[in-house]
Every structure is written in structure tokens, then in C-alpha cells.
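Notes for the structure review
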Amino acid sequence: MNTLPLFFKLKNKTVLIIGGGDVAYRKALLMNQADAKLIVIAKNFNEEFLNFLNEKHHQAIKKSFDDNDISQHNPALVICATDDNAVNQAVHAAAKAHGVAINVVDTPKLCDFIFPAIIDRNPVVIGISSNGTAPVLARLIRAKIESTLPSYLGKLAKKAGDFRETIKNTLPTITERRYFWESIFQRGLNDEHIDSLPDELNRFINQGKKSGEVYIVGAGAGNPDLLTFKALRLMQQADIVLYDALVSPEILALCRRDSQKIFVGKKRKDHAKTQEEINNLLITYAKRGHRVLRLKGGDPLIFGRGGEEMLACRDAGIDCQIVSGITAALAAGSYAGIPLTHRGVATSVRFLTGCYQSDASFDGLKSTYHPDETLVFYMGLHALEKISESLIASGLPSSTPVAIVCHASLPTQEVVIGTLSDIVAKKDAAKLNAPAIIIVGQVVRFAAASLH
Ligand code: SAH
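Computed from a predicted model, the values in this text were never measured in an experiment.

With respect to the sheet that holds strand β3 (residues 59-62)
Pairing within the open sheet is parallel, and its 5 strands lie in the order β3-β2-β1-β4-β5. In the strand order of this sheet, the two ends are held by β3 and β5 (101-104), each with one partner. Averaged over all pairs of adjacent strands, the angle between their axes in this sheet comes to 15°, without regard to strand direction. Here helix α4 (residues 85-97) sits on the sheet in contact with β1 (14-18), β4 (77-80) and β5, set at roughly 170° to β5.

This is the structure:
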């Protein structure tokens, strides 16, 4: 973060503006909106600007700037908007000498603070900044956010503000108050509920003190684009987050900022916490009244042990929601351009694991394998040799196409294509690393041409 966004109270504080043209005028309008007292010094004033200053009872002083202006007026902020570089430099030097924050318009290196693109739905104010690198982009982002916010947002915030004291006196803890407001606003940003806040409060109190809840959430295969809206919503209201190794830092950053984040990752042969310990943590935190998010890669119920966690919660009488995520097999298929079923080529797909496979279970595969089936192996990279040998031994032609999709959906994605007979050599040559999905079947022929 190059600059820290702060919301500065300017009411009745003096802002000194140097410059009398259009640019200075635009800044003066903004400062006036924030209730600042303006003193504007310029050799020449744009007439409309001068009229505005007079009408709003601000001070306009027609003269050249000199160093004493700053000590004399003792402003909270200085804004300099002249087209004379020497004047801009002089104003900057004088402000620095007095320790006053200054903005020289359009000159980032002479600015202590910058103006963001602003959405003003008073009392809700949103500022967007690209730190001077791409102001047009910041304005486009503003337009995008603006279009999603209802026009009565300000009214909504104001009513909530008026009711805050009552809530504070009724609900003693911050957590209870947060739950109350979330229960109101999560039903949608509309003014329906806000008009009946006293009723809503009674209802909330009558529900009694709820124990916590567990959310078992699939975060998708890695790319944050693959999160569901529901996952994001629960991520933003969780108190405690227990996350896996497969959950990327970008996804973790989307969880509520002040939630407590606990790594419980499991990697092959290197279990940070046992499943039982994880189940216990979920239950213990939920019993203390917290909303506990169990964040997992892909889908929680596909090779994710989400089922065990769900059962543990159920046994302990803890409410538990499960949110599906885009499992690695689906992400690998779509991001590598491999349809897992395809009319006339594959009519079914089977998800298997390369981990814990014994020869016996591959034998089981032989008895049920159909030529028009796609096999997808999770956790199979380290066992690729065994998998291919077993499949050939089970009767699959050694020419059967195989794809390895590593880091599916992520910028580091790699795809290696081969056949059951040469895929191990290709994997070794490409020095691939986990996580990887292995897709076996005729559908692999459709992988994006550029990948071959
Ligand atoms: N619940 C997860 C699977 C967890 S098991 C899901 O539904 O996707 C871990 C295995 O998932 C890894 O060994 C790998 O086979 C697969 N995997 C997870 N993310 C992946 C990714 N981005 N690319 C390829 N494989 C992935």
C-alpha cells in the first residue's frame, strides 16, 4: 500500500488553495462539500469561481503567493493548482517547512495526499485510488461500483446510524451487534427492514443466544474467479477460518479481515493436524458461539473429507452448512479444454484417487471399465507409473490418451499430454509438481490444440 486511505474531517477547518482557475475551482467545490473553510489565493480568478467563493462566504485573496501565507492562515491542508511550475515548487516548499500536508495537482511527487475517485452517498463515502498510476481505471471502477449500489444507500446508513445507540444499549457485545447488523443487511440492501428496526431487534433477542455454526465451504480449484457467491458471503462473515494447503493466499485474503485464520493444511505424508483434531477444533469454536469457516480446495465432498466433518458436527449438535465448490476435475477439464463427457466418445466419468490405491482396487476398475468412460485421478501424480501399468494390465490399450493438468485454473497451469505408455516419461521430462489431475480416456484428444 503506497498510501493509506483515511477519511479526514474537514468541517470548519481551513483549507488553503493556491490558484484561481478551473482546476482550483473543482477542488474548491469538493472541499466545500466537506464543509471546509476555504481561503483561496490567486493573482487572477475565474469569474464563476469568484462568485462561488463569495456566495459560500469563503475568502478570496487577489495576490501572489508568499511564504508567510501559510503561517498566517495556518491551514489543515494546502492545495496548489497553478500552471506556474516555480509557484507550485515554492508553495510545496513552504508547506513542507510548516509541516502541512500538501497536494500539488497532477504532480504526484509534490503530493503528501492524493484525491481518490469518490462515490458520495452521504454518510457512505467510497474512495478509489490507483495511487496516481491509472486515474482512468480508478474512474471506471467507480462507475462499476456506483452501478451496483442502490440510490437510497445513504438513507439506509443514516437510519442505521440513528438506531445505533439503541442497539448498543440492548446488545452488550460487539459480536452480537455485528450479528444483528449482518442479519439485517444480508437480506439485501433495501429499506424494507430498516423501517422496522425495533421489531427486528425484538425478533433477534427472542431467538435467544444461538450457538455458533460451521460452514464447510469449497473454494474451487485455486483461481478466485471460481468461488461461488455463497462461498464469498460466508467467507466475509466468518469469525474463525480453518484452511487447507490448497487454499491460495488470494482466496484467503477475501475472508473477513479480522477473522482468525488457522492453517490446518494436510499435504501428503505431512499432516499438520489430524482429521480428528480438525473436527474437534470446528466443534470447540462453534460451541463458543463462533461462526467457523472450514475452507477447502475444490469441493468439500470430493476427496475433501468434508463428509467426516459434517458428520462430526451433526453428532455434536452443531448447525452446519455445506457449500459446493468447483472440484479440480471440472476445473482441469474446462481450463485444458477437455470435455469430461462427450457425445459419442465418453458417456460417463469416474473420479478416483491415486492415493491409497492398492493393486486390488485397480483390479476392481478392470471389471467395470467401459471404453466410453473417462477416468479422472486425484492425488495421482506420485503414483502415475502404477496407475498406467495397472490400467494397461486391466486391458486398456497402451495408446489410450492421458492428460496431466497441474495447477488447473491458476496462472501456473501446465498441461502434458501423452498416452498410457509414454506419459510417465513425459511427466519426468516436464518436472511437474502437485497438485495435478490425471485424465484418462478418448476425450483427452480434444485438449486445446496449442497444448499438443
Ligand atoms: N476437494 C478437492 C480435492 C482435494 S484432494 C477438490 O474437489 O478438488 C487433492 C487433490 O486435488 C490434488 O492431489 C490434486 O489431484 C487435486 N487438485 C486440487 N486442486 C488442483 C488444481 N488446481 N489443479 C490440479 N489438481 C488439483
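There is more to say, and it comes next.
Quick look at the site of the ligand
The local shell around the ligand holds 18 residues, among which D299, I302, T327, M379 and A436 are the closest. Separating an oxygen atom of the ligand from a backbone N or O atom of A328 is a distance of 2.9 Å. A distance of 2.8 Å is found between an oxygen atom of the ligand and a backbone nitrogen or oxygen belonging to M379. The fraction of the free accessible surface of the ligand (540 Å²) that becomes covered by protein chains is 91%.

Side note on the domain arrangement of the protein
When cut into domains, the protein gives domain 1 (14-115), domain 2 (153-206), domain 3 (213-326) and domain 4 (329-451). The straight-line distance from the C-alpha centre of domain 3 to that of domain 4 is 28 Å. Buried surface at the junction of domain 3 and domain 4, both sides included, amounts to about 910 Å², of which 75% is carbon and sulfur. Run the count over domain 3 and domain 4 and you get 0 salt bridges. The interface formed by domain 3 and domain 4 holds 1 residue pair in polar contact (both at pLDDT 80 or more) in total.

The rules behind these values
Residues numbered from 1 in each chain as written. Predicted model: local features only at pLDDT ≥ 70, side-chain atom pairs only at ≥ 80, totals over all residues. Heavy atoms only, no water. Pairing = 2+ DSSP bridges. Helix = DSSP H or I, 4+ residues; strand = E, 2+ residues; numbered from the N terminus. Axes fitted to C-alpha atoms, helices over the stretch in contact; angles between N-to-C directions. Contact = heavy atoms within 4.5 Å. Near = heavy atom within 4 Å. Polar contact = N/O pair within 3.5 Å; in protein donor to acceptor, adjacent residues only side chain to side chain. Areas by Shrake-Rupley, 256 points an atom, 1.4 Å probe, with all protein chains shown as cover. Domains from an automatic or database assignment. Buried area = accessible area lost by both parts, 1.4 Å probe. Salt bridge = Lys/Arg side-chain N within 4 Å of Asp/Glu carboxyl O.

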